[in-house]
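Coordinate analysis (summary)
Listed below, chain by chain, are the residues.
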Amino acid sequence: MNRFLFVHGAFHGAWCWDDVIAALRAQGHQAEAVDLPGSGADGTPVAEVTLERYAERVCQALRTAAEPAVLVAHSMGGVAATQAAARCPEAIAALVYVAAFAPGNGQSLVDLTQLPEGAGDGVQANMVVDGEPPVAVMPPAAAREVFFEDCDDAAAERALRQIGPQPVLPFVTPVELPDGGLPVPCSYVLTSRDRAIPPALQRRMAREAGAPVLAELDSDHSPFLSHADELVAALVRAAGAGAH
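Quick summary incoming for the structure in this document. For every chain, the first residue of its written sequence is number 1, and the numbers climb from 1 along that sequence. This being a predicted model, a pLDDT of at least 70 is required before a residue's local features are given, and a value of 80 or more before pairs of side-chain atoms are given or counted; all residues contribute to the totals for chains, interfaces and linings. Each side-chain value is worked out from all heavy atoms of the structure, with water and hydrogens disregarded.

1. Quick word on the packing of aromatic side chains
In summary, the pairing rule links any two rings of Phe, Tyr or Trp, Trp by its six-membered ring, whose centres are within 6.5 Å, and it sorts them by plane angle into stacked for under 30 degrees, edge-to-face for over 60 and tilted for everything else. Counted by the stated rule, this structure contains six aromatic pairs. Both rings, one in Phe6 and one in Trp17, keep their centres 4.7 Å apart while their planes meet at 40°; by these two values the pair is tilted. Here Trp17 lies in the loop between strand E1 (3-7) and helix H1 (18-26) and Phe6 lies in strand E1, a separation of 11 residues in the sequence. Since its relative accessible area comes to 0%, Phe6 is described here as buried. Between Phe147 and Phe148 the ring centres are 5.7 Å apart and the planes differ by 70°, which places this aromatic pair in the edge-to-face class. Accessible area is worked out with a 1.4 Å probe on protein chains only. A residue is then buried under 20% of its type maximum, exposed over 50%, and partly exposed in between. You can call Phe147 buried: its relative accessible area is 3%. Taking the relative accessible area as the measure of exposure, Phe148 reaches 0% and is therefore buried. Among the aromatic residues, ring-to-ring pairing joins Phe4, Phe6, Trp17 and Phe224 into one connected group. Strands are runs of DSSP state E lasting at least 2 residues, helices are runs of H or I lasting at least 4, and numbering of each runs from the N terminus.

As structure tokens, this is what we get:
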């Protein structure tokens with residue numbers, strides 16, 4: 001059996017992985033999710049939310065057990081997981097990007113959204129940014145369309161009640177990787193009807209990260225809610241293959 005650690009994306013929290021975690025535990029795997037600083041149930045003040053704090057939180061969670069984990073990251077969580085991989089690679093058996101940003105050295109999330117393949121990004125088009133330090137929110141109607149299009153109404157309503165504000169600083173902070181690049185094996189789960197991260201951008205990031213496309217789901221941006229069984233099957237395959 002395998003150990004999994006899940007990292008959520010922007011506006012979300014550990015709660016978004018509940019269905020996937022339950023399914024993996026039912027199969028005998030160890031699985032848990034982490035709230036990034038300032039997200040979900042974590043109360044870190046906005047002024048203290050940085051990409052480095054994200055990486056620290058992920059590494060702390062990874063180090064709670066001796067066994068390296070399959071680190072699974074969604075959306076913005078891919079940036080946090082990539083930076084964590086540079087900080088504690090010994091704790092990561094493999095990294096799986098799920099409809100996630102996969103930055104190279106010196107790239108930020110915003111840099112990736114500005115690539116030609118990023119045109120049509122529904123998050124950048126709809127989020128509202130205010131305050132100092134700046135914080136972004138997604139209007140509920142836009143979030144329903146961009147994040148949860150495939151979800152039934154009950155699942156979407158539960159998710160919409162739980163999404164929250166997102167500090168902006170981690171969006172604009174470049175990732176720092178060692179000279180050899182990402183120091184752990186990785187793969188990618190692509191979502192082919194995604195309105196948050198266009199599939200063309202997902203393909204480019206996977207290619208440039210050296211992350212083979214493990215599965216292509218006919219899914220919106222939230223397969224952990226809308227296509228959980230298919231996602232679980234892909235993750236179990238990734239764990240068995242070491243994400244090569």
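2. Description of the side chain of Thr44
Locating Thr44 in the fold gives a position in the loop between strand E2 (30-34) and helix H2 (51-62). Residues contacting Thr44, with those up to four places away along its chain left out, are Pro37, Gly38, Val49, Arg53 and Arg57. Residue contacts are defined here by distance: any two heavy atoms, one from each residue, within 4.5 Å place the two residues in contact.

3. Quick notes on the sheet that holds E1
In this scheme, strands are said to pair when DSSP sees at least two bridges between them. Taken together, six strands build an open sheet; the order of strands is E2-E1-E3-E4-E8-E9 and the sheet is parallel. In the strand order of this sheet, the two ends are held by E2 and strand E9 (213-217), each with one partner. Looking at each pair of strands side by side, their axes are set apart by 20° on average, direction ignored. Pairing of E1 with strand E3 (residues 69-75) involves four bridges; the strand directions are parallel. Within the sheet, the bridge partner assigned to Leu5 lies in E3 and is Leu71. Simply put, an axis is a line fit to the C-alpha atoms, just over the touching stretch for a helix, and the angle between two N-to-C directions goes from 0 to 180 degrees. Sitting on the sheet, H2 touches E1, E2, E3 and strand E4 (92-100), and the angle it makes with E1 is about 160°. Packing of helix H3 (residues 77-87) onto the sheet brings it into contact with E1, E3 and E4, and relative to E3 it is tilted by some 145°.

4. Remarks on the packing of H2 against H3
Between two packed helices, the angle of one axis relative to the other and the distance separating the axes together describe the packing. Where H2 meets H3, the closest approach of the two axes is 8 Å, and the angle between their N-to-C directions is 65°. Relative to H3, H2 is oriented roughly perpendicular. Considering the relative orientation of H2 and H3, their crossing is right-handed. Of the residues in H3, those in contact with Leu51, Glu52, Tyr54, Ala55, Val58 and Cys59 of H2 are Val79, Ala80, Gln83, Ala84 and Arg87. Charged residues are taken to be Asp, Glu, Lys and Arg, nonpolar residues to be Ala, Val, Leu, Ile, Met, Phe, Trp, Tyr, Cys and Pro, and polar residues to be all remaining types, Gly included. Here the contact of H2 with H3 is composed, by residue class, of eight nonpolar, one polar and two charged. Small angles under 35 degrees read as roughly parallel and large ones over 145 as roughly antiparallel, with 65 to 115 read as roughly perpendicular and the rest as oblique. Two helices cross in a left-handed way if the nearer one is turned anticlockwise from the farther one by less than a right angle. They cross in a right-handed way if the turn is clockwise.

5. Here's the deal with the pattern of salt bridges
Here, a salt bridge means any Lys or Arg side-chain nitrogen found within 4 Å of an Asp or Glu carboxyl oxygen. Considering all chains together, one arrives at 14 salt bridges under this definition. A salt bridge links Arg53 to Glu48, with the shortest nitrogen-to-oxygen separation between them at 3.7 Å. Since its relative accessible area comes to 29%, Arg53 is described here as partly exposed. Because the salt bridges share partners, they merge into one network encompassing Glu52, Arg87 and Glu176.

6. Considering the state of the cysteines
We call a pair of cysteine sulfur atoms a disulfide when they lie within 2.5 Å. All chains considered together, the criterion is met by one disulfide. One disulfide in the model links Cys59 with Cys88; its S-S distance is 2.2 Å. One disulfide, between Cys59 and Cys88, carries an S-S torsion of -90° and so falls in the left-handed class. Within this pair, whereas Cys59 is found in helix H2, its partner Cys88 is found in the loop between H3 and E4, the two being separated by 29 residues in sequence.

7. Quick notes on the environment of Ala61
Here Ala61 lies in helix H2. Ala61 sits in the buried class, given a relative accessible area of 13%. Considered as a pair, Ala61 and Ala33 are 28 residues apart in the sequence and their alpha carbons are 8.6 Å apart. Excluding residues that lie within four positions of it along the chain, Ala61 makes contacts with Arg3, Leu5, Glu32 and Val34.

8. A word on the environment of Pro183
Secondary-structure assignment places Pro183 in the loop between helix H8 (169-172) and strand E8 (186-191). Taking the C-alpha atoms as reference points, Pro183 and Asn105, 78 residues apart in sequence, are found 12 Å from one another. Leaving out residues up to four positions away in the same chain, Pro183 has contacts with Ala85, Ala86, Pro89 and Pro178.

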